[in-house]
Amino acid sequence: MRCPYCKEQQDKVIDSRSTEGGAVIRRRRKCLECNRRYTTYERVETTNKLLVVKKDGTREPYEREKLFASVRHACFKLPHSAETLGSLVDEVEEAVFREFEKEVPSSFLGDAVSSRLRKLDKVAYLRFASLYLQFRLVDDFIQEARNILDGEHTDVVGQQELFKDE
Ligand SMILES: [Zn+2]
(Lines give C-alpha, C1' and ligand atoms only; values in the text may rest on other atoms or scores of the structure.)
Protein backbone atom coordinates (compact mmCIF):
# COMPACT_ATOMS: atom_id res chain seq x y z
CA MET A 1 0.00 0.00 0.00
CA ARG A 2 1.36 3.42 -0.91
CA CYS A 3 1.50 5.86 1.96
CA PRO A 4 -0.73 8.86 1.20
CA TYR A 5 1.75 11.18 2.90
CA CYS A 6 5.23 10.22 1.79
CA LYS A 7 4.29 7.86 -1.06
CA GLU A 8 6.52 5.09 0.23
CA GLN A 9 5.27 1.57 -0.01
CA GLN A 10 6.46 0.15 3.27
CA ASP A 11 3.62 -0.28 5.67
CA LYS A 12 2.56 -2.39 8.56
CA VAL A 13 -1.01 -3.38 9.33
CA ILE A 14 -1.75 -2.38 12.91
CA ASP A 15 -5.32 -3.47 13.13
CA SER A 16 -7.91 -5.02 10.87
CA ARG A 17 -11.55 -5.64 11.43
CA SER A 18 -14.49 -6.48 9.29
CA THR A 19 -17.51 -4.23 9.08
CA GLU A 20 -20.80 -4.27 7.28
CA GLY A 21 -21.19 -7.89 8.20
CA GLY A 22 -17.89 -8.95 6.75
CA ALA A 23 -18.38 -7.17 3.43
CA VAL A 24 -15.70 -4.62 4.19
CA ILE A 25 -12.37 -5.10 5.90
CA ARG A 26 -10.98 -1.98 7.51
CA ARG A 27 -7.22 -1.97 7.98
CA ARG A 28 -5.34 0.52 10.06
CA ARG A 29 -1.85 0.87 8.62
CA LYS A 30 1.32 2.52 9.70
CA CYS A 31 3.86 3.80 7.22
CA LEU A 32 7.30 2.45 8.11
CA GLU A 33 8.94 5.45 6.48
CA CYS A 34 7.17 8.43 8.00
CA ASN A 35 5.37 6.60 10.81
CA ARG A 36 2.06 8.20 9.95
CA ARG A 37 -1.09 6.17 10.14
CA TYR A 38 -3.82 5.75 7.59
CA THR A 39 -6.78 3.51 6.99
CA THR A 40 -7.66 1.38 4.01
CA TYR A 41 -10.94 -0.27 3.24
CA GLU A 42 -10.95 -3.55 1.48
CA ARG A 43 -14.30 -4.31 -0.02
CA VAL A 44 -15.04 -7.95 -0.58
CA GLU A 45 -15.53 -7.78 -4.28
CA THR A 46 -14.18 -11.30 -4.23
CA THR A 47 -17.83 -12.01 -3.54
CA ASN A 48 -18.22 -11.73 -7.27
CA LYS A 49 -15.11 -13.63 -8.03
CA LEU A 50 -15.55 -16.42 -5.56
CA LEU A 51 -16.61 -19.56 -7.31
CA VAL A 52 -18.81 -22.23 -5.87
CA VAL A 53 -17.69 -25.71 -6.83
CA LYS A 54 -20.68 -27.92 -7.17
CA LYS A 55 -20.83 -31.60 -6.50
CA ASP A 56 -20.47 -32.48 -10.18
CA GLY A 57 -17.34 -30.33 -10.39
CA THR A 58 -18.88 -27.43 -12.30
CA ARG A 59 -18.35 -23.93 -10.99
CA GLU A 60 -20.59 -20.94 -10.74
CA PRO A 61 -20.03 -17.46 -9.30
CA TYR A 62 -21.01 -17.08 -5.67
CA GLU A 63 -24.03 -14.83 -5.22
CA ARG A 64 -25.06 -13.59 -1.82
CA GLU A 65 -28.57 -12.98 -3.11
CA LYS A 66 -28.95 -16.58 -4.06
CA LEU A 67 -27.80 -17.80 -0.68
CA PHE A 68 -30.06 -15.32 1.06
CA ALA A 69 -33.00 -16.45 -1.08
CA SER A 70 -32.46 -20.07 -0.10
CA VAL A 71 -32.41 -19.10 3.58
CA ARG A 72 -35.51 -16.94 3.18
CA HIS A 73 -37.24 -19.74 1.35
CA ALA A 74 -36.44 -22.17 4.16
CA CYS A 75 -37.90 -19.66 6.63
CA PHE A 76 -41.04 -18.95 4.63
CA LYS A 77 -43.87 -17.99 6.99
CA LEU A 78 -41.66 -18.53 10.01
CA PRO A 79 -41.29 -15.65 12.44
CA HIS A 80 -37.78 -14.51 11.59
CA SER A 81 -36.94 -11.00 10.50
CA ALA A 82 -34.94 -10.13 7.42
CA GLU A 83 -32.26 -8.84 9.80
CA THR A 84 -31.99 -12.22 11.50
CA LEU A 85 -31.66 -13.99 8.17
CA GLY A 86 -29.26 -11.36 6.92
CA SER A 87 -26.94 -11.81 9.84
CA LEU A 88 -27.10 -15.57 9.40
CA VAL A 89 -25.88 -15.07 5.84
CA ASP A 90 -23.24 -12.62 7.12
CA GLU A 91 -21.94 -15.29 9.46
CA VAL A 92 -21.81 -17.83 6.68
CA GLU A 93 -19.92 -15.40 4.44
CA GLU A 94 -17.44 -14.61 7.17
CA ALA A 95 -16.79 -18.31 7.63
CA VAL A 96 -16.38 -18.75 3.89
CA PHE A 97 -14.03 -15.81 3.41
CA ARG A 98 -11.97 -16.91 6.38
CA GLU A 99 -11.29 -20.26 4.79
CA PHE A 100 -11.51 -19.86 1.05
CA GLU A 101 -10.12 -17.34 -1.35
CA LYS A 102 -11.15 -18.35 -4.84
CA GLU A 103 -13.30 -21.42 -4.66
CA VAL A 104 -15.61 -22.83 -2.06
CA PRO A 105 -17.22 -26.25 -2.24
CA SER A 106 -21.01 -26.04 -2.32
CA SER A 107 -21.02 -28.59 0.50
CA PHE A 108 -19.23 -26.09 2.76
CA LEU A 109 -21.88 -23.50 2.04
CA GLY A 110 -24.64 -26.01 2.62
CA ASP A 111 -23.16 -27.18 5.90
CA ALA A 112 -22.49 -23.63 7.07
CA VAL A 113 -26.08 -22.61 6.40
CA SER A 114 -27.69 -25.74 7.75
CA SER A 115 -25.76 -25.78 11.02
CA ARG A 116 -26.92 -22.21 11.67
CA LEU A 117 -30.48 -22.84 10.60
CA ARG A 118 -30.56 -25.85 12.85
CA LYS A 119 -29.91 -23.59 15.82
CA LEU A 120 -32.35 -20.95 14.61
CA ASP A 121 -35.36 -23.01 13.62
CA LYS A 122 -35.72 -26.74 13.16
CA VAL A 123 -38.49 -26.49 10.61
CA ALA A 124 -36.40 -24.14 8.50
CA TYR A 125 -33.47 -26.48 8.90
CA LEU A 126 -35.41 -29.49 7.65
CA ARG A 127 -36.73 -27.55 4.68
CA PHE A 128 -33.27 -26.34 3.80
CA ALA A 129 -31.79 -29.78 4.21
CA SER A 130 -34.41 -31.41 2.02
CA LEU A 131 -34.21 -28.76 -0.68
CA TYR A 132 -30.55 -27.88 -0.87
CA LEU A 133 -28.46 -30.47 0.84
CA GLN A 134 -29.68 -33.55 -0.96
CA PHE A 135 -29.15 -35.94 1.88
CA ARG A 136 -26.80 -38.66 0.77
CA LEU A 137 -29.26 -41.31 1.74
CA VAL A 138 -32.96 -41.02 2.17
CA ASP A 139 -32.46 -42.81 5.48
CA ASP A 140 -30.33 -39.93 6.74
CA PHE A 141 -33.14 -37.56 6.12
CA ILE A 142 -35.75 -39.75 7.78
CA GLN A 143 -33.50 -40.23 10.79
CA GLU A 144 -32.85 -36.51 11.00
CA ALA A 145 -36.54 -35.68 10.75
CA ARG A 146 -37.32 -38.29 13.37
CA ASN A 147 -34.75 -36.92 15.79
CA ILE A 148 -36.16 -33.47 15.43
CA LEU A 149 -39.81 -34.40 15.64
CA ASP A 150 -39.13 -36.66 18.63
CA GLY A 151 -37.87 -33.67 20.49
CA GLU A 152 -40.90 -31.58 19.69
CA HIS A 153 -44.03 -33.65 19.99
CA THR A 154 -46.15 -30.68 20.88
CA ASP A 155 -45.36 -28.92 17.64
CA VAL A 156 -45.83 -31.80 15.25
CA VAL A 157 -49.22 -30.78 13.95
CA GLY A 158 -48.17 -27.20 13.39
CA GLN A 159 -45.03 -28.27 11.64
CA GLN A 160 -46.84 -30.55 9.26
CA GLU A 161 -49.06 -27.70 8.27
CA LEU A 162 -46.08 -25.51 7.64
CA PHE A 163 -44.57 -28.14 5.45
CA LYS A 164 -47.65 -28.08 3.22
CA ASP A 165 -46.80 -24.50 2.33
CA GLU A 166 -43.91 -25.69 0.25
ZN1 LIG B 1 4.69 7.57 4.82
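Residues numbered from 1 in each chain as written. Predicted model: local features only at pLDDT ≥ 70, side-chain atom pairs only at ≥ 80, totals over all residues. Heavy atoms only, no water.

A. Geometry of the coordination of the zinc ion. The coordination sphere of the zinc ion contains the protein donors C3 (SG), C6 (SG), C31 (SG) and C34 (SG), at a distance range of 2.3 Å. Its 4 donor atoms give the zinc ion angles of 103 to 118° at the centre, a pattern that matches the tetrahedral case. In the primary sequence, the donor residues of the zinc ion line up as C-x2-C-x24-C-x2-C. Owing to a relative accessible area of 1%, C3 belongs among the buried residues under this scheme. The class for C6 is partly exposed, based on a relative accessible area of 28%. (Donors = N, O, S within 2.8 Å, 3.2 Å for Na, K, Ca; no water. Tetrahedral: all angles 85-135°; square planar, octahedral: opposite > 155°, others 65-115°. Buried < 20%, exposed > 50% of the residue type's maximum accessible area, 1.4 Å probe, protein only.)

B. Highlighting helix α4 (residues 106-120). Helix length check: α4 (15 residues) gives 21 Å between terminal C-alpha atoms against 21 Å at 1.5 Å per residue, within 8%. Of the residues making up α4, those classed as buried are L109, G110, A112, V113, S114 and L117. (Helix = DSSP H or I, 4+ residues; strand = E, 2+ residues; numbered from the N terminus. Expected span 1.5 Å × (residues − 1).)

C. Representation of the sheet that holds strand β3 (residues 37-43) in the model. Taken together, the 3 strands give an open sheet; going across it, the order is β1-β2-β3, and neighbouring strands pair in antiparallel fashion. The strands lining the two open edges of the sheet, one partner per strand, are β1 (11-19) and β3. On average, each strand axis in the sheet is inclined to that of its neighbour by 25°, with strand direction left out of account. Pairing geometry for strand β2 (residues 24-31) and β3, over 7 bridges, is antiparallel. The partner of R29 across the bridge, within β3, is Y38. (Pairing = 2+ DSSP bridges. Axes fitted to C-alpha atoms, helices over the stretch in contact; angles between N-to-C directions.)

D. Representation of the nonpolar core in the model. By size, the foremost hydrophobic cluster in this structure holds 26 residues, and its most contacted members are L67, V71, V92, L109, V113 and L117. At the level of secondary structure, the elements contributing two or more residues to this core comprise α2 (64-74), α3 (82-99), α4, α5 (122-133) and α6 (138-150). Aside from chain neighbours lying at most four places away, what touches L67 is Y62, V89, V92, L109 and V113. (Core = buried A, V, L, I, M, F, W, Y, C linked by side-chain atoms within 4.5 Å. Contact = heavy atoms within 4.5 Å.)

E. Spatial organisation of the pairing of β2. In terms of strand pairing, β1 meets β2 through 8 bridges, oriented antiparallel. Across the sheet, residue T19 finds its bridge partner in β2, namely V24. The loop that links β2 with its antiparallel partner β3 comprises 5 residues; one of these, N35, has a positive phi angle of about 65°.

F. The arrangement of the environment of F128 in detail. Tracing the chain through its elements places F128 in helix α5. Residues F128 and S70 lie 58 residues apart in sequence; the distance between their C-alpha atoms is 7.4 Å.

So far we have only geometry, and geometry alone does not tell us how the molecule works.
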